Amino acid sequence: MLPELKNDPSVPGSLIGSLLFEGRELVLRITPDDTTTEQCLSAAAKALAALPDIDIKARDVAARTLLSNYNDNWRHYGRTTEGGSIEEVHDPELSSSDFKARLKMTCLETLGANCYTIFYDDGHMFAGHSVVITSFDGLFFSDTYAELFG
């Protein structure tokens, strides 16, 4: 069931609402794009009904695509000490399951009838950048793209 929706002032033609998922607020944005509003609302309702499965699939895509980047690059960084010097930090490598456990879904966007974009809080792995997973083939998640944003 869809939450209460209103016009999204930041994206003309889109609707926005929120719901609870795993005890946290999840933003739902619906943008009809090249379909009717009814088709896009139907796609959003299907996504919400499959939300736990979408979360598993999207986290799998994130781990397959971004985990090696985290382990090779992002876990090494400099931190300023109270004295003003820079200390090198080398966080431990993460396993796939540890990586996925740190991701927290923050937003689900439905674009048209078959495109879903899922946003995750990065769990302090990528300096506050959002982890963004897009499925171009609806709930199948066989045609996907993963990126960092922000």
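Look up a bit, the structure's there.
As a starting point, this report considers the structure included with it.

Parameters and conventions
- Along each chain, residues carry numbers from 1 onward, in the same order as the chain's sequence is written.
- The predicted nature of this model means local features are confined to residues of pLDDT at least 70 and side-chain atom pairs, given and counted, to a pLDDT of 80 or more, with totals for whole chains, interfaces and linings taken over all residues.
- The basis for every side-chain value is the complete set of non-hydrogen atoms in the structure, without hydrogens or water.
- Accessibility here uses a 1.4 Å probe with only protein chains present; expressed as a share of the type maximum, an area under 20% marks a residue as buried, one over 50% as exposed, and anything in between as partly exposed.
- To qualify as a helix, a DSSP run of H or I must reach at least 4 residues; to qualify as a strand, a run of E must reach at least 2; elements of each kind are numbered from the N terminus.
- Paired strands, as defined in this entry, are two strands with at least two bridges between them according to DSSP.
- Between rings of Phe, Tyr and Trp, where Trp is taken as its six-membered ring, a pair exists when centres lie within 6.5 Å; planes separated by under 30 degrees are stacked, by over 60 edge-to-face, and by other angles tilted.
- In this analysis, the expected span of each helix is defined as 1.5 Å times one less than the number of residues it contains.
- Our arc is simply the arc of the directions from the helix axis toward the C-beta atoms.

What follows covers unusual backbone geometry. The backbone of Ala 127 shows a phi angle near 55°, a positive value even though the residue is not glycine. Here Ala 127 falls in the exposed class, since its relative accessible area comes to 64%. The backbone of Phe 141 shows a phi angle near 55°, a positive value even though the residue is not glycine. By the element assignment, Phe 141 lies in the loop between β8 (130–135) and β9 (144–149).

With that out of the way, let us pick up the pairing of strand β5 (residues 86–90). On a regular strand, each side chain points to the face opposite its neighbour's, so the side chains alternate between the two faces of the sheet. Alignment of strand β4 (residues 76–80) against β5, held across 5 bridges, turns out to be antiparallel. Looking at β5, one finds that Thr 80 is bridged to Ile 86. Remark: 5 residues form the turn of the hairpin made by β4 and β5, two consecutive strands paired antiparallel; Gly 84 in that turn has positive phi of roughly 95°.

With that settled, consider the packing of aromatic side chains. Within this structure, the stated rule accounts for 3 aromatic pairs. With 6.0 Å between their ring centres and 80° between their planes, Tyr 70 and Phe 126 make a pair best called edge-to-face. Here Tyr 70, found in helix α2 (residues 51–74), pairs with Phe 126, found in the loop between β7 (115–121) and β8; they are 56 residues apart in sequence, far enough to count as distant. When sorted by exposure, Tyr 70 lands in the same class as Phe 126, which is buried.

Here we take up helix α1 (residues 37–49). A rise of 1.5 Å per residue sets the reference length of α1, with its 13 residues, at 18 Å; its end C-alpha atoms lie 18 Å apart and thus fit the reference within 8%. Along α1, the residues classified as buried are Cys 40, Ala 43, Ala 44, Ala 47 and Leu 48. Taken end-on, α1 shows its buried residues confined to a sector of 135°, consistent with a single buried face. Within α1, the exposed residues directed more than 90 degrees away from the buried face are Glu 38, Lys 46 and Ala 49.

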